[in-house]
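Close look at the chain arrangement
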Amino acid sequence: MLLRSGLLRGRGPVDVLIHGETIAAVEPAGSIAEPEGAVVHELGGSVIVPGFVEPHLHLDKAHLGASAGGLAEAIAATARRKAGFTRDDVRARAARTLAAAVAHGTTAVRAQTEVDPGVGLLGIDVMTELAEDLVGVVELQTAVFPQEGILSRPGTLPLMREALSRAGTIVGGCPYSEVDVADARAHVDLVLDLAVEYGVPADLHLDLADDTSDGRFALAEHVARATVARGLQGRVSIGHATTLASLHGATRGRVLAALAEARITVVLLPATDLFLVGRADEANVRRGVAPLRALWEEGVPTALSSNNIRNAFTPSGTADPLDMALLLGRVSHLSADADFDRLLEMITVAGRQVIDPGSVGGIRTGARADVVVLDQTLDVPPVIEQPSRRLVISRGSVVSAETRDRTLAPALERLAALAPASV
Ligand SMILES: [Zn+2]
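Residues numbered from 1 in each chain as written. Predicted model: local features only at pLDDT ≥ 70, side-chain atom pairs only at ≥ 80, totals over all residues. Heavy atoms only, no water.

1. What to know about the overall build of the protein
- A count of helices and strands for the protein gives 14 helices and 16 strands.
- Taking the principal axes of the C-alpha coordinates as reference, the protein spans close to 65 × 45 × 40 Å.
- For the protein, the proportion of its 423 residues judged to be buried stands at 54%.
- Long-range pairs, those at least 24 residues apart, make up 76% of the contacts in the protein with a sequence separation of at least 6.
- Taken as a whole, the protein presents about 16800 Å² of accessible surface, with 52% of it coming from carbon and sulfur.
- Computed over 39 positive and 52 negative side-chain charges, the separation of the two mean positions in the protein equals 2 Å. (Helix = DSSP H or I, 4+ residues; strand = E, 2+ residues; numbered from the N terminus. Buried < 20%, exposed > 50% of the residue type's maximum accessible area, 1.4 Å probe, protein only. Contact = heavy atoms within 4.5 Å. Areas by Shrake-Rupley, 256 points an atom, 1.4 Å probe, with all protein chains shown as cover. Lys, Arg positive; Asp, Glu negative; His and termini not counted. Charge placed at Lys NZ, Arg CZ, Asp CG, Glu CD.)

Now the structure itself:
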């Protein structure tokens, strides 16, 4: 497949040659000869970006319906709903979410999937089936997620081990669901030990609260030290980490430096965090997202994801990483084009590093051929422009294509013709 004349931000017009599932060459536009038998897509200067990655998405509890409360109420409401889960029900809601995600340009997902003695491995089984059904369409990795704790829910650990013995699963954790700080730390250590034992990355739901007054929500530094102690640098990610925003001065510096040293990726989940955090604030309600600029300045890797789609944790969402990135940019006081381009990196190459540490990402020779062609020709950050997705290419095949016809009233046609292309 040849993508002719795409616009790559920071590089200019390019041709992209795809051979099988891999990008074989990226050269200035017009310079790659059309290989015999190749499918050629003439892009006419449309912006191209790498396939989006959602490193933190709960497919098993998507589309359960909203509730109004904070974190504790959301966990309780979801626990009640889980009792009624069936394979068909989970599969249908997950499939609906994945279909939307792929149409929005997502080519890889880490599905955070609940495991406990109540729901058993039902969610894991469904994700395993979906991953097989969708080979070549979207890469689906499963994180074994003990939402209700490990120590506080006896019987969870053997189920986690059973799930981890399957290919394509990695270990997740949720230490704040334990009863006290000591158990929460033990939970972290247990999860990281499992990561070592099974040779997989670890992904923790961590420090999701207004501040660090409850020590179960102040574990980032402990996770960093435990990561380095086990040689897991670059293989651990933490989702939420909202309490980092409440740290000041030397304490903030120390914790962020520890995360940077451990090369832990903070996965920001703004749609959920904005909804759940700051519930007790009557005035000056906290924003409730990790301090993005401070993380960047300290050299902490960052990614972002949708987390939940329409449930008790997150009442809205369309599984669109570009939309999430704009939300995070707005809430994080970003303004420069370079900052919005960095948000794009967070939903592409940084997300890929989370689910596949050490892999080659982006639109470059040797990378996997996951490419999204946007309905945008202006050379401005796509996160600001929010274009529709013309073509979604996953592992070298077109998996979603969108055409759009728009007819403007004559007066609007005249105005559109007046607008300079560079605006
Ligand atoms: Zn989550």
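Don't stop here, the text continues.
2. Looking at the coordination of the zinc ion
- Within the protein, the zinc ion binds to His56 (NE2), His58 (NE2), His205 (NE2) and Asn307 (OD1); these donor distances fall in the range 2.1 to 2.3 Å.
- Within one chain, the residues serving as donors to the zinc ion are arranged as H-x1-H-x146-H-x101-N. Of this pair, His56 sits in strand S6 (residues 52-57) while Asn307 sits in the loop between strand S13 (302-304) and helix H10 (321-331); the two residues are 251 residues apart in sequence, bridging distant segments of the chain. Both residues of the pair, His56 and Asn307, count as buried. (Donors = N, O, S within 2.8 Å, 3.2 Å for Na, K, Ca; no water.)

3. Some words on the packing of helix H6 (residues 220-229) against helix H7 (residues 249-261)
- Here H6 crosses H7 at 30 degrees, and the two axes come no closer than 9 Å. In terms of orientation, H6 and H7 fall into the roughly parallel class. For the pair H6 and H7, the crossing hand works out as left-handed. Where H6 abuts H7, its residues Ala220, Glu221, Ala224, Arg225 and Val228 lie against Arg254, Val255, Ala258, Leu259 and Glu261.
- Classifying every residue of the contact of H6 with H7 gives six nonpolar, no polar and four charged. (Axes fitted to C-alpha atoms, helices over the stretch in contact; angles between N-to-C directions. Parallel < 35°, antiparallel > 145°, perpendicular 65-115°, else oblique. Left-handed = near helix turned anticlockwise from the far one by under 90°. Nonpolar A, V, L, I, M, F, W, Y, C, P; charged D, E, K, R; others polar.)

4. Re the sheet that holds strand S2 (residues 12-19)
- Spatial ordering of the open sheet is given by S3-S2-S1-S4, a layout of four strands whose pairing is mixed. In this open sheet, the two edge strands, each paired with only one partner strand, are strand S3 (22-28) and strand S4 (40-42). Along the sheet, successive strands turn relative to each other by an average axial angle of 35 degrees, direction set aside. (Pairing = 2+ DSSP bridges.)

By themselves, these figures tell us nothing about what the structure is for.
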